[in-house]
Amino acid sequence: ELALVLQERQRLGLSLGQVRSIHAKAFASVIAKFADDGYLDNLEMLKLQRLYQCLSKLGWAPGE
């Protein structure tokens, strides 16, 4: 799946700045969803860590 997403990124001609923007919006959206109840549990934290790792492999993750 990673290779397919990277191919699509290349096909679309996305710049690093565009990738950063997309990844930042995706990460922020998930955080907002998880934090909506005012509490981040361990499962949500694990999911955020996994999302971070995936976004990093795809070119950039928030905080890099």
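The structure presented is a predicted model; accordingly, all values stated were derived computationally and were not measured.

Caption draft 1: Here's a closer look at the overall build of the protein chain. The number of helices and strands found in the protein chain is 3 helices and 0 strands. Ordering the α and β elements of the protein chain from the N terminus gives α-α-α. A total of 64 residues make up the protein chain; the buried ones form 16% of that total. Accessible area for the protein chain stands at about 4,800 Å²; split by element, carbon and sulfur atoms hold 58% of it. Counting 8 positive and 7 negative side-chain charges, the protein chain places the averaged centre of each group 10 Å from the other.

Caption draft 2: Layout of the side chain of E44. In this fold, E44 is placed in helix α3 (residues 42–57). Lacking a salt bridge, the buried E44 has K47 as its closest oppositely charged neighbour, with an N-O distance of 7.3 Å. Look past the residues within four positions of E44 in its chain and what remains in contact with it is F34 and Y39.

Caption draft 3: Spatial organisation of the nonpolar core. Residues F27, F34, L48, L55 and A61 constitute the largest nonpolar core, which totals 5 residues. Contributing elements (two or more residues each) for this core: α2 (16–35) and α3. Apart from residues lying up to four places away in sequence, A61 is in contact with Y52, L55 and S56.

Caption draft 4: Representation of the packing of aromatic side chains within the structure. Enumeration according to the criterion identifies 1 aromatic pair in this entry. When the ring of F27 is compared with that of Y52, the centres are 6.5 Å apart and the planes differ by 70°; the resulting orientation is edge-to-face. Pair noted here: F27 is in helix α2 and Y52 is in helix α3, with a separation of 25 residues, a long-range link.

Caption draft 5: Here's a closer look at the environment of R9. Tracing the backbone through its elements, the reader meets R9 in helix α1 (residues 2–12). Note on R9: relative accessible area 24%, which makes it partly exposed. Spatially, the C-alpha atom of R9 lies 9.9 Å from that of G59, the residues being 50 residues apart in sequence. In contact with R9, not counting residues within four places along its chain, are L14, L16, V19, L58 and G59.

About the cut-offs
- Residues numbered from 1 in each chain as written.
- Predicted model: local features only at pLDDT ≥ 70, side-chain atom pairs only at ≥ 80, totals over all residues.
- Heavy atoms only, no water.
- Helix = DSSP H or I, 4+ residues; strand = E, 2+ residues; numbered from the N terminus.
- Buried < 20%, exposed > 50% of the residue type's maximum accessible area, 1.4 Å probe, protein only.
- Areas by Shrake-Rupley, 256 points an atom, 1.4 Å probe, with all protein chains shown as cover.
- Lys, Arg positive; Asp, Glu negative; His and termini not counted.
- Charge placed at Lys NZ, Arg CZ, Asp CG, Glu CD.
- Salt bridge = Lys/Arg side-chain N within 4 Å of Asp/Glu carboxyl O.
- Contact = heavy atoms within 4.5 Å.
- Core = buried A, V, L, I, M, F, W, Y, C linked by side-chain atoms within 4.5 Å.
- Phe/Tyr/Trp six-rings, centres within 6.5 Å; stacked < 30°, edge-to-face > 60°.

By themselves, these figures tell us nothing about what the structure is for.
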